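The chain contents come next:
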Amino acid sequence: MSAKDAPPPLPEPLLVEVADSHTHLDMQSGTVEEALTKAAAVGVTTVVQVGCDVKGSQWAAETAERYANVHAAVALHPNEAPRIVLGDPDGWSRQGARDAGGDAALDDALAEIDRLAALPHVLGVGETGLDFFRTGPEGMAAQERSFRAHIEIAKRHGKTLVIHDREAHADVLRVLDEEGAPERTVFHCYSGDAAMAEICAAKGYYMSFAGNMTFKNAQPLRDALAVAPLDLVLVETDAPFLTPAPFRGRPNAPYLIPVTVRAMAAVRGIDENAMAEALAVNTARAFDY
């Protein structure tokens, strides 16, 4: 194993327990038990396991049923909707070739997300939203239809909406306005600037910051964190992605949350215990547990 693939070392434990508000345990190496044990050793005692397709959402729901400190969110990722409808003959999605299923296949997938969203240990509907980074104009209609359906599912079941917004800020905010956002809405891996943070704050949307807020070029994210109301801020890994500096490029996991919490505390000019305390309270409120 090269140094680049080696898991980063365990950080100094937090003294106040926090939650990883967005992780993908199914994409990480090792068992769920190992991930949870390592995380708990540094004060990360709760995780929200997020689904990106039907199979991943089923796995998230089953895992949350099995472990008291794992909560589930279920959804079709914004890039999954066009794959279902239009197929993926040339493998652009990096998920293998797939046949087009049309609107009927999207309806079937949404019906399964709806069924899962009704389960008591599923606390969120997400990650859903819009992603204009990998999906061209032909896929946008499917993305938006799927996003609107997820908003409706979240509201009907009283679950938290978890948003994936990549290069689509204005359109995500527009659809939320048009549909009416659920009572609890989280922008996962918040990627907007300070001006957008003020819009989100005015609407009561939670903003969850990931390890990329530690990257050198991420000043706009730090500016957003500086102006976001402290009671609307969450922390996440989005593991195995977005490993915080100085471990960027190596595998991420929930046990690395303390690195990001300390970076967030520095941006806010508060001590890490105060930051962790706020994050713990906010995450429980955001996901209603």
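Everything discussed here concerns the structure shown above.
Calculation rules
Residues numbered from 1 in each chain as written. Predicted model: local features only at pLDDT ≥ 70, side-chain atom pairs only at ≥ 80, totals over all residues. Heavy atoms only, no water. Salt bridge = Lys/Arg side-chain N within 4 Å of Asp/Glu carboxyl O. Helix = DSSP H or I, 4+ residues; strand = E, 2+ residues; numbered from the N terminus. Buried < 20%, exposed > 50% of the residue type's maximum accessible area, 1.4 Å probe, protein only. Pairing = 2+ DSSP bridges. Right-handed = clockwise from strand over helix to strand, strands pointing away. 1 Å grid on protein atoms, 1.4 Å probe; cavity = no way out; pocket = protein on both sides within 12 Å on 5 of 7 lines; lining within 4 Å. Points joined across faces, edges and corners; volume = space filled by probe spheres on them. Nonpolar A, V, L, I, M, F, W, Y, C, P; charged D, E, K, R; others polar. Axes fitted to C-alpha atoms, helices over the stretch in contact; angles between N-to-C directions. Left-handed = near helix turned anticlockwise from the far one by under 90°. Contact = heavy atoms within 4.5 Å. Phe/Tyr/Trp six-rings, centres within 6.5 Å; stacked < 30°, edge-to-face > 60°. Lys NZ or Arg CZ within 6 Å of the ring centre and 35° of its normal.

A.B. asks: So what about the pattern of salt bridges? Which residues, and what values?
C.D. replies: Side-chain pairs of opposite charge can arise where the charged atoms are in close proximity. Under the definition given, this model contains 15 salt bridges. With its nearest N and O atoms 3.3 Å apart, the salt bridge here joins arginine 145 to aspartate 103. Pair noted here: arginine 145 is in helix 5 (residues 137–157) and aspartate 103 is in helix 4 (residues 102–117), with a separation of 42 residues, a long-range link. Taking the relative accessible area as the measure of exposure, aspartate 103 reaches 46% and is therefore partly exposed. The salt bridge involving arginine 148 is made with glutamate 144; its shortest N-O contact spans 2.7 Å. One end of the pair is arginine 148 and the other is glutamate 144, both in helix 5 and four residues apart, which spans about a single turn.

A.B. asks: Now, about the pairing of strand 1 (residues 18–23): what can you tell me, with residues and values included?
C.D. replies: With six of its six residues buried, strand 1 lies for the most part within the structure. Relative to strand 2 (residues 44–50), strand 1 runs parallel, the two being bridged by four bridges. By the bridge assignment, aspartate 20 is partnered in strand 2 with valine 47. Viewed along the sheet, the connection from strand 1 through helix 1 (residues 32–41) into strand 2 turns out right-handed.

A.B. asks: Can you tell me about the layout of surface pockets, naming the residues and giving the values?
C.D. replies: Of the volumes computed, that of the largest pocket is approximately 1100 Å³. Residue lining of the largest pocket: 35 residues in total, with His77, Arg134, His164, Arg166 and Asp238 positioned closest to the centre. Listing elements by their share of the lining of the largest pocket, those giving two or more residues are strand 4 (122–131), strand 5 (160–166) and helix 8 (219–227). Class assignment of the residues belonging to the lining of the largest pocket gives a composition of ten nonpolar, 13 polar and twelve charged.

A.B. asks: Provide a residue-level description of the environment of glycine 30, including the pertinent values.
C.D. replies: Secondary-structure assignment places glycine 30 in the loop between strand 1 and helix 1. By relative accessible area, glycine 30 is classed as exposed at 55%.

A.B. asks: Can you tell me about the packing of helix 7 (residues 194–203) against helix 8, naming the residues and giving the values?
C.D. replies: Closest axis-to-axis distance for the helix 7/helix 8 pair is 8 Å, and the angle between their directions is 35°. Both helix 7 and helix 8 take part in a crossing whose hand is right-handed. Seen from helix 7, the contacting residues are Ala194, Ala197 and Glu198; seen from helix 8, they are Pro220, Asp223, Ala224 and Val227. Split into classes, the residues belonging to the contact of helix 7 with helix 8 amount to five nonpolar, no polar and two charged.

A.B. asks: Could you give me a rundown of the sheet that holds strand 5, with the residues and numbers involved?
C.D. replies: Think of a sheet as strands paired side by side through backbone hydrogen bonds, with each pair either parallel or antiparallel. Taken together, eight strands build an open sheet; the order of strands is 1-2-3-4-5-6-7-8 and the sheet is parallel. The sheet is open, and its two edges are formed by strand 1 and strand 8 (233–235), each paired on a single side. Mean inter-strand twist for the sheet, computed between neighbouring axes without regard to direction, equals 30°. The sheet contact formed by strand 5 and strand 6 (residues 185–187) spans three bridges and is parallel. Each residue of the ladder has a partner; that of isoleucine 163, found in strand 6, is phenylalanine 187.

A.B. asks: With reference to specific residues and values, describe the packing of aromatic side chains.
C.D. replies: Here the distance between the centres and the angle between the planes together describe a pair of aromatic rings. Taken as a whole and assessed by the stated rule, the structure comprises two aromatic pairs. Relative to tyrosine 205, the ring of phenylalanine 187 lies with its centre 5.7 Å away and its plane at 35°, an arrangement referred to as tilted. Separated by 18 residues along the polypeptide, phenylalanine 187 in strand 6 and tyrosine 205 in the loop between helix 7 and strand 7 (206–209) bring together distant segments of the chain. Of the residues examined, tyrosine 205 reaches a relative accessible area of 5% and is grouped as buried. Between tyrosine 190 and phenylalanine 209, the aromatic rings sit 5.5 Å apart at their centres with planes inclined by 45°, giving tilted as the arrangement. On the criterion of sequence distance, the pair formed by tyrosine 190 in the loop between strand 6 and helix 7 and phenylalanine 209 in strand 7 is long-range, its members being 19 residues apart. Just as tyrosine 190 is buried, phenylalanine 209 falls in that class too. Positioned over the ring face of phenylalanine 133 is arginine 166, at 3.6 Å from the centre of the ring.

Treat this as a map of the structure, not an account of what it does.
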